[in-house]
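Examination of the molecular architecture
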Amino acid sequence: MAAHADQPEDRSRSLRDRVFTRPTRERRRQLLRRQIVVVALVLNAVALFGRVWPQHYEVTASPGIYVAWAAFMVATLSFQLGVAALFVVVRSLVARFWLGAALTIPLSIFLVVLPMLRPPSGDRPSDDHAPS
């Protein structure tokens, strides 16, 4: 490792410290922002996949069954995806990263808040018992 003319080589640091250095604070912040964007985009894509894919099992080919099963599991676990999106929202707000929050706030509202406001399916009034 050749030292520059104006900087003497630092031999007091061990080889481990010279090779395995921790990233700077700014670099860690950049990595966190990149991770938040990737997680937000993946959560949005998975939630969209679970809502859009048809839930029919007439196709008996193995790839079709596996994809339909994956869409069913995403639709079943959509509340947990919303909680994960809430975690990303809180983490991006703490880091003051507004793009990450903007990407995940609509998803968390759609997956967590709206299902809580909707009454359970057993409590909905049906048309055949409507008062005349």
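Before any of the text, the structure's been laid out above.
Residues numbered from 1 in each chain as written. Predicted model: local features only at pLDDT ≥ 70, side-chain atom pairs only at ≥ 80, totals over all residues. Heavy atoms only, no water.

What follows concerns the overall build of the chain. Helix and strand counts for the chain come out as five helices and zero strands. Walking the chain from its N terminus toward its C terminus, one meets helices and strands in the order α-α-α-α-α. The burial tally for the chain puts 18% of its 132 residues in the buried class. Considering only contacts within the chain whose residues lie at least 6 apart along the sequence, 54% involve residues at least 24 apart. Counting only carbon and sulfur atoms, one obtains 64% of the accessible surface of the chain, whose full area is about 10500 Å². (Helix = DSSP H or I, 4+ residues; strand = E, 2+ residues; numbered from the N terminus. Buried < 20%, exposed > 50% of the residue type's maximum accessible area, 1.4 Å probe, protein only. Contact = heavy atoms within 4.5 Å. Areas by Shrake-Rupley, 256 points an atom, 1.4 Å probe, with all protein chains shown as cover.)

Among the nonpolar cores identified, the biggest contains ten residues, and these are I36, L43, A47, V74, L81, A85, V88, F97, L107 and L111. When near neighbours in sequence (up to four residues on either side) are disregarded, I36 contacts V88, R91, S92, F97 and G100. (Core = buried A, V, L, I, M, F, W, Y, C linked by side-chain atoms within 4.5 Å.)

Residues R22, R25, R28, R29, R33, R91 and R96 make up a contiguous surface patch of positive charge. The element best represented in the positive patch is helix α2 (residues 25-52), accounting for four residues. Take R96: it is sitting in the loop between α4 (78-94) and α5 (98-117). Residue R96 is classed as exposed on the basis of its relative accessible area of 62%. (Patch = residues over 30% accessible without salt bridge, like charges linked within 9 Å, V, L, I, M, F, W, Y side chains within 5 Å. Salt bridge = Lys/Arg side-chain N within 4 Å of Asp/Glu carboxyl O. Lys, Arg positive; Asp, Glu negative; His and termini not counted. Charge placed at Lys NZ, Arg CZ, Asp CG, Glu CD.)

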